[in-house]
Amino acid sequence: EFRVTVAGIGVGDVIVQADSLGATATQAYSIDDPNKVFQIIDPADDVVAIKTNENITIKVRAPGIEKVTFAATLGLWDGNDKKVIEKSVSDETASAVFKSGDAGTATIQVYKSDDPGIVDSIQIATSAPSSEARVIDLQASQNVLAPSTENVKNSVTLRAKVKNAKNQVVGDAPVLFRILNPTGGGESISPAIAYTDGKGVATSTFTSGSLVAGADGVTVSAELLNVEA
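Remember, it's a predicted structure, so these values are computed and weren't measured experimentally.

**Observations concerning the sheet that holds strand S4 (residues 47-51)**
Strand-to-strand pairing in sheets goes through backbone hydrogen bonds, with the strands running parallel or antiparallel.
Okay, step 1: Read from one edge of the open sheet, five strands run S4-S11-S10-S6-S8, paired in mixed fashion. Every other strand in the sheet has two partners, leaving S4 and strand S8 (84-88) as the edge strands with one partner each. Taking each pair of neighbouring strands and ignoring which way they run, the sheet shows an average axis angle of 25°.
Okay, step 2: Summarising the sheet, strand S10 (residues 104-112) and strand S11 (residues 115-127) pair through nine bridges and their orientation is antiparallel. If you follow Gly104 over to S11, its bridge partner there is Thr126.

Right, here's the structure in full:
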């Protein structure tokens, strides 16, 4: 198997041909102007994090199109009570303002109103503000871990999920990870403080020390605003 990378440097059609030991194969490519492709141009990332009740404008490049439909699996458009809204195209672009009062991951889908096959999508992870953080749920990727040696370090991933009083995930919340009963064998947690992401999860890593823990093992805690788990 032989692999190559094909990159377009101009608009048009091109055929790539490969020959080997008398055998021939071809592959046709069509290279288009990226400025003429129907797509979401703002925000540019495939996954975007915002806070609950925060407005974000979704802008679409739509050359040669009259109307664009915006749909969302969560949240509302332009302050209305609809999860689907149609917008007219002006200067080859259309835009709508998205907002969600609930935390969660919304799939935003935009498409040509009279041809749903012309479509693009992104995801928006909505989380409650850190000031609302109330509850932490701490989980480890595994509960049994062998001692580490000089050459082999054994570790587990710690995931602390933070929610508010409405059971909604909270983003940008600082979480402190601690070892409550160290063995003295050099076990460690890094980082000690981590911030939750758009899904309300703060991640750290626990690495075992050189000593075997007692019957109760080593206890790790996650703390936030005097709440522990």
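**A short note on the nonpolar core**
Okay, step 1: In terms of nonpolar packing, the biggest core is built from 23 residues, with Ile58, Val68, Phe70, Trp77, Phe98, Ile108 and Ile124 touching the most fellow members.
Okay, step 2: Looking at this core, the elements that each hand over two or more residues are S4, strand S5 (56-61), strand S6 (67-72), strand S9 (93-99), S10 and S11.
Okay, step 3: Grouped together as the second largest cluster of nonpolar side chains are 19 residues, Ala128, Ile189, Ala194 and Ala202 included.

**Topic: the environment of Ile41**
Okay, step 1: As for its placement among the helices and strands, Ile41 is situated in strand S3 (residues 39-42).
Okay, step 2: In this structure Ile41 comes out as partly exposed when scored by relative accessible area, which is 30%.
Okay, step 3: Counting along the chain gives 19 residues from Ile41 to Val60, while the straight-line C-alpha distance between them is 5.6 Å.
Okay, step 4: With residues up to four places along the chain from it excluded, the contact list for Ile41 reads Lys59, Val60, Arg61 and Thr93.

What counts and how
- Residues numbered from 1 in each chain as written.
- Predicted model: local features only at pLDDT ≥ 70, side-chain atom pairs only at ≥ 80, totals over all residues.
- Heavy atoms only, no water.
- Pairing = 2+ DSSP bridges.
- Helix = DSSP H or I, 4+ residues; strand = E, 2+ residues; numbered from the N terminus.
- Axes fitted to C-alpha atoms, helices over the stretch in contact; angles between N-to-C directions.
- Core = buried A, V, L, I, M, F, W, Y, C linked by side-chain atoms within 4.5 Å.
- Buried < 20%, exposed > 50% of the residue type's maximum accessible area, 1.4 Å probe, protein only.
- Contact = heavy atoms within 4.5 Å.

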